[in-house]
Amino acid sequence: MANTKSKLLTEWDTLHNNGPFPLKLLYQTKLEGEREMPKKLDRYNDVALEIQRLIRESHHAGEGFRAYGSAWSMNTIASHKDRMHFNGFMNLSMPIRAADCHPNNTYDPTNLFLFECGNTIKEVSETLAENGKSLKTTGASSGQTLAGCVSTGVHGSALDSGSVQDYVVGLNLIIGPNPNDIVYLEPKSKPALSDAFIQTLNSRVIRFQAKPMHKERAIGLIIIKYLSIHTLMSRIVW
Amino acid sequence: MHYDPISYFLLLLSVCFLTSCYSVRLRNVNGTPQPDPFSDRDDYYRGMAVVEVDTTIGINMTSKDFTYLIKEKEACESGKINIIEYRSTFGGLLLNAITFGKKRKVKIKYVCEKP
Ligand SMILES: Cc1cc2nc3c(=O)[nH]c(=O)nc-3n(C[C@H](O)[C@H](O)[C@H](O)COP(=O)(O)OP(=O)(O)OC[C@H]3O[C@@H](n4cnc5c(N)ncnc54)[C@H](O)[C@@H]3O)c2cc1C
């Protein structure tokens, strides 16, 4: 079982000390060990249950709960006055097999990877390099987390390719404490994962009508297990 | 010019002290240091899970090395090193000199790979 530690605090700060900002409780969750739970998907689903437990706990206490990555954003956006969760240890990643793709998938399966939210850009780049791939663009430093980058729309863009959020073709979100509250989102017009694979993520699939993209982006899939940020969905632009 | 032996000695001592105190740090270009969001360090290791070894080891005249095993523990879950810093201090040099090399001060900081 994934393991969470918490620390009572009065304040929290970003990497560059843009705060301090008020905070009551800081959580960090570590994945179950590989030796105890060898299958990555098992660890992935296991930690999702743990995050749901924390959401429930915060909800019962009448307090807010916010995920953060590397705290590199130089303002208040990552802070929450009640409870915050450090995601850095949630850094599983795996290539997607062709057999796990949707029958109408148009992406090259070798370009599709599942990355958990706490992977830093450096970890993403290393995983991709091990598979003979790379991100098309990158920024200067690489300690940001994937989820931090996607939710703030940062880290490297060029004339012909956008920043990290543009690599995402599907999102796996935890939106609440109940079994139905883990969802997988992807555009109906460009499905990537098979329903059977999505089921192994214990997720409810939502294929939505996306606005047409102004440009076809061939780069592969990054699916991220996100923490429960209800507002997040409105920030995702396809 | 008036020559004060005590100030001269103190000056010499502080020069020795300052020049013998230094750190050497090795850092992987690959990999990521294990983070520690609960840490309140404000130095180079901010936000990292640092293990500090500050001990004295016994080395006999003939053996020239010492192996310190890095074990998997909470601050080093992967058991693999990402950053290691060795610090040399004046006290350490002094201890080495007065024990004829039998006792060595070991001051090391290391940060493991993020699991
Ligand atoms: C030294 C440095 C160098 C930088 N270099 C560049 C650069 O070259 N190019 C560039 O474009 N930007 C750069 N930035 C900016 C940086 O990329 C952004 O601030 C990025 O958002 C930081 O990511 P993070 O993981 O630290 O996110 P955080 O700052 O921790 O969080 C950002 C937001 O994401 C949310 N969030 C994080 N994780 C999750 C999750 N799992 N679920 C839901 N919400 C989540 C947080 O709640 C918050 O709203 C740099 C910043 C620094 C400090």
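If you're wondering where the values come from, they're calculated on a predicted model, not measured in any experiment.

**Student:** Explain the overall build of chain B to me, please; I cannot follow it from the model alone.
**Tutor:** Secondary structure assignment for chain B yields two helices and four strands. Its C-alpha radius of gyration of 18 Å places chain B more than 25% over the 13 Å reference for a compact globule of 115 residues. Considering only C-alpha atoms, chain B reaches an extent of 60 × 40 × 25 Å along its principal axes. Looking at chain B as a whole, 30% of its 115 residues qualify as buried. In chain B, once contacts between residues fewer than 6 apart in sequence are set aside, the share between residues at least 24 apart is 75%. Surface exposure of chain B reaches about 7,800 Å², of which carbon and sulfur atoms provide 62%. Averaging the positions of the 16 positive and the 13 negative side-chain charges in chain B gives two centres separated by 7 Å.

**Student:** What is the right way to look at the sheet that holds strand β1 (residues 3-8) of chain A in this model?
**Tutor:** Backbone hydrogen bonds hold the strands of a sheet together, and the pairing may be parallel or antiparallel. All names here are of chain A. One open sheet holds the four strands; their spatial order is β1-β4-β6-β5, and the pairing between them is mixed. Strand pairing shows two members of the sheet lacking a second neighbour, β1 and β5 (65-68), which therefore form its edges. Geometrically, the sheet is characterised by an average inter-axis angle of 25° between neighbouring strands, direction not taken into account. Relative to strand β4 (residues 25-30), β1 is paired through six bridges, and the arrangement is antiparallel. Counterpart to Lys7 in the pairing with β4 is Leu26.

**Student:** How should a nonpolar patch on the surface be read in this particular structure?
**Tutor:** A cluster of nonpolar side chains, B:Ile6, B:Phe9, B:Leu10 and B:Leu13, forms an exposed patch at the surface whose accessible area comes to about 400 Å². Looking at the secondary structure, you find B:Phe9 in helix α1 (residues 5-20).

**Student:** Would you mind going over the pattern of salt bridges with me for this structure?
**Tutor:** Residues and elements named next belong to chain A. The tally for this structure, following the rule as stated, stands at 21 salt bridges over all chains. When the shortest N-O distance is used, the salt bridge between Arg83 and Glu63 registers 2.8 Å. One end of the pair, Arg83, is in strand β6 (residues 83-86); the other, Glu63, is in the loop between α1 (40-60) and β5, and 20 residues separate them in sequence. Through salt bridges with shared partners, a single ionic network connects Lys24, Glu50, Arg53, Glu57, Glu63, Lys81, Asp82 and Arg83.

**Student:** How do you make sense of the site of the ligand when you look at a structure like this?
**Tutor:** Residues and elements named next belong to chain A. Around the ligand, 29 residues are found, and the nearest of them are Ala67, Ala140, Thr145, Ser151 and His155. Measuring from an oxygen atom of the ligand, one finds a backbone N or O atom of Ala71 at 2.9 Å. His155 places a polar main-chain atom, nitrogen or oxygen, 2.6 Å from an oxygen atom of the ligand. Relative to its unbound accessible surface of 970 Å², the ligand loses 87% to contact with the protein. Sorting the residues of the shell around the ligand by element identifies β5 and α3 (146-152) as the ones contributing at least two each. In terms of residue count, α3 provides more of the shell around the ligand than any other element does, four residues in total.

**Student:** What should I look at first to understand the interface of chain B and chain A in this one?
**Tutor:** One frequent convention defines the size of an interface as the accessible area lost when the parts assemble. Taken together, the contacts link 16 residues of chain B with 23 residues of chain A. Buried surface at the junction of chain B and chain A, both sides included, amounts to about 1,500 Å², of which 45% is carbon and sulfur. Inspection of the region where chain B meets chain A yields four salt bridges. At the junction of chain B with chain A, the criterion picks out 14 residue pairs in polar contact (both at pLDDT 80 or more). Of the residues that constitute the side of chain B that touches chain A, the class distribution is five nonpolar, five polar and six charged.

What counts and what doesn't
Residues numbered from 1 in each chain as written. Chains lettered and ligands numbered in written order. Predicted model: local features only at pLDDT ≥ 70, side-chain atom pairs only at ≥ 80, totals over all residues. Heavy atoms only, no water. Helix = DSSP H or I, 4+ residues; strand = E, 2+ residues; numbered from the N terminus. Rg over C-alpha atoms; globule rule 2.2 N^0.38 Å. Buried < 20%, exposed > 50% of the residue type's maximum accessible area, 1.4 Å probe, protein only. Contact = heavy atoms within 4.5 Å. Areas by Shrake-Rupley, 256 points an atom, 1.4 Å probe, with all protein chains shown as cover. Lys, Arg positive; Asp, Glu negative; His and termini not counted. Charge placed at Lys NZ, Arg CZ, Asp CG, Glu CD. Pairing = 2+ DSSP bridges. Axes fitted to C-alpha atoms, helices over the stretch in contact; angles between N-to-C directions. Patch = residues over 30% accessible without salt bridge, like charges linked within 9 Å, V, L, I, M, F, W, Y side chains within 5 Å. Salt bridge = Lys/Arg side-chain N within 4 Å of Asp/Glu carboxyl O. Near = heavy atom within 4 Å. Polar contact = N/O pair within 3.5 Å; in protein donor to acceptor, adjacent residues only side chain to side chain. Buried area = accessible area lost by both parts, 1.4 Å probe. Nonpolar A, V, L, I, M, F, W, Y, C, P; charged D, E, K, R; others polar.

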